[in-house]
Amino acid sequence: YAEMFSKIKNKRMRELYTSMWSENEVVKSADIVQTEAGNDKYSQNSYSFKGDDKAEVLIKVFGIPKENEKIFREKFQMACGGSGQEYRRITTLHSSSLCALMFFYNVTEKNKLTIDEMGTFDKSVFEFRSPVVNKNQESCMDVVLTGIDKEGAPIVLFLESKFSEYYTPSSVHSKGVSEKYLLNKYSKHFYEEEFLQELDLKMSKG
């Protein structure tokens, strides 16, 4: 797909796709097409796994075991959040929702996830909505994990999934947000030259 990705118009998105997926075995073995942008239009900057039944497509592409298909489909529906737009985008290669789904869909009683210095989690929920100060709005978290901490007390971990947003900001607003991540002491190392080189990405100016 290297030649296909070389035609992506956005420079940073082109770098991302070429570096991460042009030689990726999972992607190379799958059928991919330009991402639908609605009204019979297609994105010039992204590609998606091909297929109408998106859950089935992901099961085949990522080789979800037969015994996990039921829970995968349940978590898939959660991750789409009841939104037609989320459903349309979830098979896009750089989808943050897809990233979160593949990492955490199978966190269960039988398949617990332990995070050092934090706790052990046995349940995952996607697109979790809860009231906030403004009663007319809701907070929507990409992933919520529940379990117990090191002392055996209940613990809840809220996660916001970001994949390429801070490398390829799509708007002036998100560009401002991404620049703040370059200055934050906890996140700035993800954008340093050494880290990007590990992903075979080059630091761009501007």
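Just so it is clear, the model here is predicted, and its values are computed rather than measured.

Between the first and last C-alpha of helix α5 (residues 69–80) there are 16 Å, a value that for 12 residues agrees with the 16 Å anticipated at 1.5 Å per step. Taken together, the buried positions of α5 are E69, I71, F72, K75, F76, A79 and C80. The arc enclosing the buried residues of α5, seen along the axis, measures out at 170 degrees, which places them on a common side. Turned more than 90 degrees off the buried face of α5, the exposed positions are K70 and Q77. Backbone geometry just downstream of α5 places G81 in the positive-phi region, at approximately 60 degrees.

Here a ring pair, both rings aromatic, is described through the centre-centre distance and the interplanar angle of the planes. For the coordinates displayed, the defined rule picks out 12 aromatic pairs. Of the aromatic side chains, those joined through ring pairs into one cluster are Y1, F5, Y17, W21, Y47 and F163.

The tally for this structure, following the rule as stated, stands at 1 cavity of 30 Å³ or more. Taken as a whole, the largest cavity encloses approximately 40 Å³ of empty space. As for the largest cavity, its lining consists of A79, S97, A100, F126, E127 and D142.

For the protein chain, per-residue confidence averages 85 on the pLDDT scale, and residues scoring 70 or more make up 85% of the total. Put simply, helix α8 (residues 172–183) is where the protein chain has its lowest mean pLDDT, 61, and helix α4 (residues 54–61) is where it has its highest, 96.

Right, let's get into the pattern of salt bridges. Tallied over the full model, the rule gives 7 salt bridges. Taken together, the shared-partner salt bridges connect E23, E25 and K28 into one network.

Bringing a negative patch on the surface into the picture now. Taken together, the side chains of E36, D40, D52 and D53 make up a negatively charged region of the molecular surface. Its place among the elements puts D52 in the loop between β2 (41–49) and α4. Judged by its relative accessible area of 75%, D52 falls in the exposed class.

Cut-offs applied
Every chain begins its residue count from 1, and numbering advances along the sequence as written. Two thresholds apply to this predicted model, a pLDDT of at least 70 for residue-level local features and 80 or more for giving and counting side-chain atom pairs, whereas whole-chain, interface and lining totals are computed over all residues. Only hydrogens and water are set aside; all other atoms, that is, all heavy atoms of the structure, feed into the side-chain values. Put simply, DSSP marks the helices as runs of H or I at least four residues long and the strands as runs of E at least two long, and each gets a number from the N terminus on. Expected span of a helix: the number of residues minus one, times 1.5 Å. A simple rule labels every residue: compare its accessible area, found with a 1.4 Å probe on the protein chains alone, to the largest value its type can have, and call it buried under 20%, exposed over 50%, or partly exposed in between. Taken from the helix axis, the directions to the C-beta atoms give the arc we talk about. Centres within 6.5 Å make a pair out of two Phe, Tyr or Trp rings, where for Trp the six-membered ring is used; the pair is then stacked when the planes are under 30 degrees apart, edge-to-face when over 60, and tilted otherwise. Points on a 1 Å grid, built from protein atoms alone, make a cavity when a 1.4 Å probe fits but cannot get out and make a pocket when they are open with protein on both sides within 12 Å along at least 5 of 7 lines; residues with an atom within 4 Å of a point are the lining residues. Grid points are joined across faces, edges and corners, and a volume is the space filled by probe spheres set on the points. The score called pLDDT rates the predictor's confidence residue by residue, from a low of 0 to a high of 100. Each reported salt bridge corresponds to a side-chain nitrogen of Lys or Arg within 4 Å of a carboxyl oxygen of Asp or Glu. Nonpolar side chains (Val, Leu, Ile, Met, Phe, Trp, Tyr) are joined into patches within 5 Å and like charges within 9 Å, using only residues with over 30% relative accessible area and no salt bridge. For the accessible areas, the method is Shrake-Rupley and the probe is 1.4 Å, while residue cover comes only from the protein chains on display. Just so you know, the count uses Lys and Arg for positive and Asp and Glu for negative, and it drops His and the chain ends. Where a charge sits is defined by one atom per residue type, namely NZ (Lys), CZ (Arg), CG (Asp) or CD (Glu).

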